[in-house]
Amino acid sequence: MKIIKLILLFLITTNTLSAQIKVSCVGNSITEGWNGNPSYVPILQKLLGANYIVKNNGKSGATILNKGNKPYCKQEAFLRALNDNADIITILLGTNDTKSQNWDKYSSDFKSDYVALIDTLQSTNRNAKIFLVIPVPACRGNFGIRNDILNLEIPIIKQIAKEKELPIIDANTPLLESCNYFNDGVHPNAEGANAIALLLYQSITK
């Protein structure tokens, strides 16, 4: 009788895990968390609940640009994202691409490198729904990150979404007047992480 109960428990647990919706969060330090600044990923997990499993595939400093100073496609986080077999992928990248050593040299590659990232993720996560996340505003010019360049990236990201028929999550416009959510002007504090998580949650569950 005890063996039968254990088998039933195993089957119930296995079915529950297999039924979970897998979410892969691709990004930079805003996703990974950095220097005591929280990640929004655990908050998103709490909001989505037990029917979802949310993975943090962020890497601090990562760029979309393949010739940038730290290309996401060359990071271990990228390999994890490729192997996630995710149902949903969110891409929150572009902030580090605004640095002068990246954008000023390789801005012409931004669109093609972004598209290549999407295509590669789709090649191994064949059933995934991919959300392109408009990066949060850069409230101060810390770390070489430039908000004026970020504003140049936004229409490119929107154009990619339109051409590839992918949904957008705007994490920029709702936070334009919320610089108090970013203590160093770039990385979200607890309030900022909550706000980003809520924006993703609302779009994923819409």
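Report on the accompanying structure. (Residues numbered from 1 in each chain as written. Predicted model: local features only at pLDDT ≥ 70, side-chain atom pairs only at ≥ 80, totals over all residues. Heavy atoms only, no water.)

## Notes on unusual backbone geometry
Inference 1: Despite not being glycine, Asn85 has its phi angle at roughly 55°, a positive value.
Inference 2: Looking at where Asn85 falls in the secondary structure, it is placed in the loop between α4 (76–82) and β3 (88–92).
Inference 3: Non-glycine residue Phe143 carries a positive phi angle of around 60°.
Inference 4: With respect to the element layout, Phe143 can be found in the loop between β4 (129–134) and α7 (147–164). (Helix = DSSP H or I, 4+ residues; strand = E, 2+ residues; numbered from the N terminus.)

## A look at the packing of helix α3 (residues 41–48) against helix α8 (residues 190–204)
Describing two packed helices takes the angle between their axes plus the distance from one axis to the other.
Inference 1: Running from N to C, α3 and α8 cross one another at 45°; their axes reach a closest spacing of 8 Å. As summarised for this structure, α3 and α8 are arranged oblique, according to the angle between their axes. Taken as a pair, α3 and α8 cross one another with a handedness that is right-handed. Residues Ile43, Leu44, Leu47 and Leu48 of α3 pack against Ala193, Asn194, Ala197, Leu198, Leu200, Tyr201 and Ile204 of α8.
Inference 2: For the contact of α3 with α8, the residue count by class is 10 nonpolar, 1 polar and no charged. (Axes fitted to C-alpha atoms, helices over the stretch in contact; angles between N-to-C directions. Parallel < 35°, antiparallel > 145°, perpendicular 65-115°, else oblique. Left-handed = near helix turned anticlockwise from the far one by under 90°. Contact = heavy atoms within 4.5 Å. Nonpolar A, V, L, I, M, F, W, Y, C, P; charged D, E, K, R; others polar.)

## A word on the sheet that holds strand β2 (residues 52–58)
Inference 1: Read across the open sheet, the 5 strands follow the order β2-β1-β3-β4-β5; overall the sheet is parallel. Looking along the sheet, the strands with just one partner apiece sit at the ends: β2 and β5 (168–170). On average, each strand axis in the sheet is inclined to that of its neighbour by 20°, with strand direction left out of account.
Inference 2: The sheet contact formed by β3 and β4 spans 4 bridges and is parallel. What sits directly across from Ile88, in β4, is Lys129.
Inference 3: Against the sheet, α7 engages β4 and β5, with an angle of about 165° to β4.
Inference 4: Contacts from α8 reach β1 (21–27), β2, β3, β4 and β5 within the one sheet, and its direction differs from that of β5 by about 150°. (Pairing = 2+ DSSP bridges.)

Nothing here speaks to function; it is all geometry.
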